[in-house]
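For reference, the chains in residue letters:
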Amino acid sequence: MNYSEVLNYISEKNKLGSLPGISAIKELLRRLGNPETKVKALHIAGTNGKGSIMAYVESVLILHGLKVGRYISPAVFDFREKWQINREYMTVEECCDIISRIAEAVSEMESDGFRSPTTFEIETAAAFMYFAEAGCDYMLIECGMGGAGDATNVFEPAELRVLASISFDHMQFLGNTLEAITTEKLGIVRTGETLISYPQCDEVRAVIDKDSKERGYTVIYPDTENLEVQEQSIKGSRFGYKGSEFEISIPGKYQVFNAVTAIEVLRNIPDLTLSDEEIYQGVKGTLWPGRMTIAADKPLFIVDGAHNRDAWVRLADTLQECFGDKRYIFILGVLADKEYEFMLDTLCPLMKKAYTITTSSMRALDGGKLAGLIRERGVDVTFIDGENAYGEIVDAALGDAFGTDDIIITCGTLSFGGKILKAVSDNRHNIVLHDEEFVRRLKEIDEAEKERRFCRHSLDHLVSVARIGALIAVDEGLEISRDVIYATALLHDIGRWSELEKKYDHSEAGAMYAEGILRRAGYSEQDISEIAHAIRCHGEDTEKKNSLAWLLYKADKMSRSCFSCNVYEECFWDENIKNKNIKY
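As a starting point, this report considers the structure included with it. What you see is a predicted model, and the numbers here were worked out from it, not measured in a lab. (Residues numbered from 1 in each chain as written. Predicted model: local features only at pLDDT ≥ 70, side-chain atom pairs only at ≥ 80, totals over all residues. Heavy atoms only, no water.)

Of the volumes computed, that of the second largest pocket is approximately 1400 Å³. Around the second largest pocket, the lining comprises 39 residues; the ones closest to its centre are Leu287, Pro289, Thr293, Ile294 and Gly522. Among the secondary structure elements, those contributing two or more residues to the lining of the second largest pocket are helix H3 (50-63), strand S12 (293-297), helix H15 (414-426) and helix H22 (525-536). Taken together, the residues of the lining of the second largest pocket break down into 17 nonpolar, 10 polar and 12 charged. (1 Å grid on protein atoms, 1.4 Å probe; cavity = no way out; pocket = protein on both sides within 12 Å on 5 of 7 lines; lining within 4 Å. Points joined across faces, edges and corners; volume = space filled by probe spheres on them. Helix = DSSP H or I, 4+ residues; strand = E, 2+ residues; numbered from the N terminus. Nonpolar A, V, L, I, M, F, W, Y, C, P; charged D, E, K, R; others polar.)

Pasting the structure below:
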């Protein structure tokens, strides 16, 4: 199969939905050579926090020099995101090869009278094959919605079993009480094994303690008596635990609990010794996109995966802890089988304004209906629909927030958050355009150049460079994103005022000023480095063809309308670089 055929195959299997039991995947794995037995496994179940806990663990193990496979679901950004080794996605070629071989085994199963494995069972088998064939040292396996009947519950023994926070979700499958949900989740643990558990509420903890005694396994909880949260902000937390100091970059007190759960996992992996410094640095450096992710600093744009009642309460608590009684611009998309009325009762008191969307999921709640429920609760709300809804909803929310201290919050589903993050990324140049420092420096340049007869460095020039750069990129087939091209163009002359004031060369000053503006707009450090380099050398044609710096130089020169210039004869440009005709 090619990649398109793989996606179609998975889409067809999606129609099977979720089916109970693990007999089908066990038969599939048997036919594939039982790859789940080839790699040491850390297995985690729970309602909320599975991804965060494993992200902390993954970061430390990679820092230790190990090859770490990680299986997550659902994917937020890309189908292949589900299978990662040392944070790198499975390649398209690997995906096609593995899914093709699994499809052959599935076809044989069906011919032999077995039921077809579901999408999740196929994807789980793919994870085990991928990690085994790549020779991973460990694989971090996250359950789907369940525990005992989850497709991941097939290896015996695991190095460790882990239980994240337990709360209400998927009640139609797991039960309507915390006791029933916890019992199902504990089905991953075997007699004689060790379970590391999040610091659960009393009701859940009672179920765990009773089950562990009856079935004979060890439970380790984080020692919250020896936990001291010293500092919290939207940028993360600093805390002491068992005599050691730690920092995390994901905000929320519940993330501190996730982190100490991960620390207990790391300290209890059999036959593995990790230094305190490795644990400290790995935990500190952990990022988990889509979970209280800051997409931009000014305006502050937060994307969170809160998609059930416990996560919505935690989101509200975190906002309260970080910002007090402030109200927010919310962007919401939710699934119809979630407790969205509870979500609205929890979050509407925090809303200044709301935007809703119908997500791309087959289970999506109609965004118009969601908007109506929000309106009934007295909140100004707009439903945005259509082919470009994600881009339009981000553009609208940013338009409201520019020039204010408003904060934008997105939540509802994990996959929805991924699409919003992509839309914000595509819109980062507009955040640059409205940045207070950018606007101020443009005004300073305009004032300093108001008597200038030659080419001025106004916003018109910057936008012209951006558009020409985007056209050149298309003509040359360059894989440089439009928002990077536009940000580079908008900022390339931002240091001009400094040069006019005889302080710094404007290219060097521009690169320096650009870095702070780009960080506030949410650009990555790699993007910032490349953009700053392009700005530093945009005055000379010295860069490798098709690089961002080369593109900026070409677009900058082509943006000047020499063919209609009133001071053409006085210009110091060489004749061979003057634009005597229109190309772009």
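The rest of the description comes next.
Attention now goes to the packing of helix H17 (residues 436-448) against helix H21 (residues 506-520). Across the interface, H17 lies against H21 with an axial gap of 9 Å and an inter-helix angle of 145°. Contacts between H17 and H21 involve Glu437, Phe438 and Arg441 from the former and Tyr513, Ile517 and Arg520 from the latter. (Axes fitted to C-alpha atoms, helices over the stretch in contact; angles between N-to-C directions. Contact = heavy atoms within 4.5 Å.)

A few words now on the sheet that holds strand S16 (residues 381-383). Read from one edge to the other, the open sheet built from six strands follows the order S12-S13-S17-S14-S15-S16, with strand pairing classed as mixed. Bordering the open sheet on either side are S12 and S16, each of which pairs with just one other strand. Adjacent strand axes in the sheet meet at a mean angle of 15°, parallel and antiparallel pairs treated alike. For strand S14 (residues 328-332) and strand S17 (residues 408-411), the ladder comprises four bridges, and the chain directions are parallel. Within S17, the position partnered with Leu332 by the bridge is Cys411. The strands touched by helix H14 (residues 389-401) are strand S13 (300-303), S14, strand S15 (351-356) and S17; relative to S15, the strand with the most contacts, the crossing angle is about 160°. (Pairing = 2+ DSSP bridges.)

Our focus in this paragraph is the packing of aromatic side chains. For the structure shown, the criterion picks out nine aromatic pairs. Summarising the aromatic geometry, the rings of Tyr130 and Phe131 are spaced 5.7 Å apart at their centres and angled 40° between planes, so their arrangement reads as tilted. With respect to burial, Tyr130 and Phe131 carry one shared label: buried. Every member of this aromatic cluster is reached through a ring pair, and the members are Phe323, Tyr328 and Phe330. Note that Arg205 overlies the ring of Tyr221, its terminal NZ or CZ placed 3.6 Å from the centroid. Positioned above the aromatic ring of Tyr523 is the side chain of Arg428, whose terminal nitrogen or guanidinium carbon lies 3.9 Å from the ring centre. (Phe/Tyr/Trp six-rings, centres within 6.5 Å; stacked < 30°, edge-to-face > 60°. Buried < 20%, exposed > 50% of the residue type's maximum accessible area, 1.4 Å probe, protein only. Lys NZ or Arg CZ within 6 Å of the ring centre and 35° of its normal.)

This part is about H15. For H15, which comprises 13 residues, the first-to-last C-alpha distance of 19 Å matches the rise-based estimate of 18 Å (1.5 Å per residue) to within 8%. Every buried residue belonging to H15 is among Leu414, Phe416, Gly417, Gly418, Ile420, Leu421, Ala423 and Val424, and all of these are buried. The distance from a side-chain oxygen at the start of H15 to the backbone nitrogen of Phe416 is 3.0 Å, and the residue carrying that oxygen is Thr413. (Expected span 1.5 Å × (residues − 1). Polar contact = N/O pair within 3.5 Å; in protein donor to acceptor, adjacent residues only side chain to side chain.)

Right, let's get into unusual backbone geometry. Each neighbour pair has its own omega, and for Glu156 with Pro157 the value is -5°, a cis peptide bond. Cis geometry is adopted by the peptide bond preceding Pro299, which originates at Lys298 and carries an omega value of 0°. With a phi close to 50°, Asn86 is a non-glycine residue in the positive phi region. With respect to the helices and strands, the residue Asn86 is situated in the loop between strand S3 (83-85) and strand S4 (88-89).

Take the pairing of S12 next. Side chains on a regular strand alternate between the two faces of the sheet. Strand direction decides the pairing type here: S12 and S13, joined by four bridges, are antiparallel. Across the sheet, Thr293 pairs through a bridge with Val303, a residue of S13.

Before going further, it helps to spend a moment on the sheet that holds strand S7 (residues 194-197). What the eight strands build is an open sheet, ordered S4-S3-S2-S5-S1-S6-S7-S8; its pairing is mixed. Each of the sheet's edge strands pairs with one partner strand only, and the pair in question is S4 and strand S8 (218-220). The pairing of S7 with S8 spans three bridges and is parallel. Residue Thr194 lies in a different strand from S8, and its bridge partner there is Thr218. Where helix H9 (residues 253-267) meets the sheet, its contacts fall on strand S1 (40-45), strand S6 (160-163), S7 and S8, and the angle it forms with S7 comes to roughly 155°.

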